Amino acid sequence: MKIGLAAVLALLIVGAGLVSWPWRVAATKTPRWNILLITLDTTRADRLGCYDSNHDTPAIDAFSRSSVRFDRCYAPAPLTLPSHCSLMTGLTPPRHGVHQNGPDRLDSEFQTLAEVLRENGYETAAVVGAFVLDRKFGLSAGFDHYDDQMPEETSSVRYAERRAHEVTDAALQWLKQPRNSPFFLWVHYFDAHAPYDSPQYDPAFATRRPYDAEIHYVDRQVGRLLAALPASDEAPTLVILTADHGEGLGQHGEDTHGLFSYDQTLRVPLLVRLPDGRHAGQSIDAPVALVDVMPSLLAWLDIETSAALDGLQLPLDAADAARTTDRAIYFENEFPTHTYGWSGQEGIVAGRHKLIRTPQFELYDLEQDPDERNNVFDPDSERSRRLLSRLEDVAATLAARSASTMSAATLEDEDVARLHALGYVGVTRTPRPDAVAEDLPNPKNMLDVYAQVQTATHCFEQRQFAAATNKLLQVIAADPGNKRALRLLAASALNEGIDRSGPIDAMLVAVQDPIRPSRDTFVLGKLGLALLAEQRGEEAVAIFRKLQRLDPSSAAACASLAEALRQVGNSAEAAQWKARSQKLARPCSVTEWAPAAESAPVVPPSN
Ligand SMILES: [Zn+2]
């Protein structure tokens, strides 16, 4: 195996904070293996039979017996896009700059695995199962074929994803094409993401354990996909199966993912099947990370890269793993900040310990306390101080190397609405705040509010807008900066029969907050429309002016400002804004702002 000098040097430099073992050197002929990468969205390792014998996933379990199983693989964030970006670049989120789904996108300056493989003669293809990985978010770089076609569906909860059998069909279609080059195929299954509504193979089971039923359904599709691989003696294929993050399932009070950084959402399955059968059946209990996948593949394929990656080559046996004892794996979670206005987290996994930085530090001994129930952080203990200093070193190293600017994806209003439909209600075009801030609420202390927001979301989905509005006003009274509650309130307030005065007051307080005024274009748009509906034209003009300044390319903002100006009798300026709205490329009727109940966005319970 050869590896570029620059890469070795870069890794040794990163090693000051992140690494402990050098890249292995082996003198093998360059393999030309096919590569199949399978990512299972939202899939906890302990829901697969090969990780927990209480579960039964026959296809994946059979696959695991011919693979190396990594028992402690960590995602860099409990979020789909940041995690996949790390998998595909070998970089942590502070390096690649993608911290949230939606407005962040992977900048073209970062070299992806697909780009490297294509440069090395591979034919490359991806089939993804959800809009959150749409090509506009940057992961299509390097793929000859990037299938992100989602079915046209009427339900906005469902339309942004496609089912596993459709994903498999598309992948098989591509696989059977004749080719003279090795292939790299990435297949992404989104099904285990909420809402859990798998095809009813076994309705009783699906009702009793809906999340597990989704995984069983995906397991069958993984089996179909693996069975279609070319015979290994003709065209050997290296297969990697992993997940982007797990799911809370009620642990620590978290139903889905994104609220916390416990192992329930950060620890993911990782199975690697080498074509020559080496190390089959091995299990590795040393901590590894999704950022290790790209450098490992490149090393195994004997492909040089000059990029300074954060990941390391995965150890494939106990001797290799023994060299990892000093490693610190970085993770972060900014979802609470962007979605609720609460503090996020960052931290490290180092050996048996996990340190989480939130407004209050948390330290867990994962060997003794795998469920992370007993916080043993003690600022006076040598252990806590050592890990704290380690986290500071790692974070400083990454920050120094991180992209100086974040790339904002070109999000159309329609895309924002789609992301809302998936529950990514934190999506705005506002700049990234300091995600772990001591003056922001700690999500741990906000579980009552979180539960109330879930209840309100349920009411909203059932179109019980009055009940949702009442509940949301209570939430905002208790937690005035709650971004998700404010969005849901904005979406509820314009529906038929709702007393708008309470919601309008709450939204006005939020957008006029002297310290952290809401700059959420969705809330501003809905607030302006509510004011218009109440014949409060002067206030509507002020709100739409603010909105137009925040989002100058929005035709809807211009058109709405024109309407408000007409209401106050300023027809000359109204005509100017109307003309401007017509010049802008985007249509001026934006679904998410429309006052009709039918077009209010459906917001599912969580992300
Ligand atoms: Zn995901």
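The structure this text deals with has already been given above.
Residues numbered from 1 in each chain as written. Predicted model: local features only at pLDDT ≥ 70, side-chain atom pairs only at ≥ 80, totals over all residues. Heavy atoms only, no water.

Asker: I'm lost on the packing of aromatic side chains in this one. Help?
Answerer: To describe a pair of aromatic rings, you give the distance between the ring centres and the angle between the ring planes. The tally for this structure, following the rule as stated, stands at 14 aromatic pairs. Summarising the aromatic geometry, the rings of Phe 143 and Phe 184 are spaced 5.6 Å apart at their centres and angled 25° between planes, so their arrangement reads as stacked. Of this pair, Phe 143 sits in the loop between β3 (123-127) and β4 (145-147) while Phe 184 sits in strand β5 (residues 183-189), and the two are 41 residues apart along the sequence. Residue Phe 143 shares its accessibility class with Phe 184, and that shared class is buried. Relative to Trp 186, the ring of Phe 143 lies with its centre 6.0 Å away and its plane at 35°, an arrangement referred to as tilted. (Phe/Tyr/Trp six-rings, centres within 6.5 Å; stacked < 30°, edge-to-face > 60°. Helix = DSSP H or I, 4+ residues; strand = E, 2+ residues; numbered from the N terminus. Buried < 20%, exposed > 50% of the residue type's maximum accessible area, 1.4 Å probe, protein only.)

Asker: Sorry, what's going on with the packing of helix α20 (residues 537-550) against helix α21 (residues 555-567) here?
Answerer: Viewed as axis vectors pointing N to C, α20 and α21 meet at an angle of 160°, and their least axial separation amounts to 8 Å. In terms of their interaxial angle, α20 and α21 are classed as roughly antiparallel. The crossing of α20 and α21 is left-handed. For the pair formed by α20 and α21, the contact residues are Gly 537, Ala 540, Val 541, Phe 544, Arg 545, Leu 547 and Gln 548 on the first element and Ala 557, Cys 558, Ser 560, Leu 561, Ala 564, Leu 565 and Gln 567 on the second. (Axes fitted to C-alpha atoms, helices over the stretch in contact; angles between N-to-C directions. Parallel < 35°, antiparallel > 145°, perpendicular 65-115°, else oblique. Left-handed = near helix turned anticlockwise from the far one by under 90°. Contact = heavy atoms within 4.5 Å.)

Asker: Before we go on, may I ask you to explain the environment of Phe 335 in this structure?
Answerer: Mapped onto the fold, Phe 335 is located in helix α12 (residues 335-340). Between the C-alpha atom of Phe 335 and that of Leu 259, which follows or precedes it by 76 residues, the distance is 6.7 Å.

Asker: Help me understand the coordination of the zinc ion in this model?
Answerer: Around a metal, the perfect tetrahedron of four donors has angles of 109.5 degrees, and the perfect octahedron of six donors has angles of 90 or 180 degrees. The zinc ion binds to the protein through Asp 41 (OD), Thr 80 (OG1), Asp 244 (OD) and His 245 (NE2); the donor distances cover 2.0 to 2.1 Å. Taken together, the four donor atoms surrounding the zinc ion define angles of 101 to 124° at the centre, an arrangement classified as tetrahedral. (Donors = N, O, S within 2.8 Å, 3.2 Å for Na, K, Ca; no water. Tetrahedral: all angles 85-135°; square planar, octahedral: opposite > 155°, others 65-115°.)

Asker: Honestly, the sheet that holds strand β10 (residues 328-333) in this entry has me stumped. Any pointers?
Answerer: Two strands in a sheet stick together by hydrogen bonds in their backbones, pointing the same way (parallel) or opposite ways (antiparallel). Taken together, the four strands give an open sheet; going across it, the order is β10-β11-β12-β13, and neighbouring strands pair in antiparallel fashion. One side of each edge strand has no neighbouring strand; the edge strands of this open sheet are β10 and β13 (362-365). Going across the sheet, the axis of each strand differs from the next one's by a mean of 15°, ignoring polarity. Two elements, strand β12 (residues 353-357) and β13, share four bridges in a ladder whose sense is antiparallel. Residue pairing in the sheet places Lys 354 in a bridge with Tyr 364 of β13. Along the sheet, helix α13 (residues 382-401) contacts β10, β11 (345-350), β12 and β13; its crossing angle with β11, the most-contacted strand, is approximately 115°. (Pairing = 2+ DSSP bridges.)

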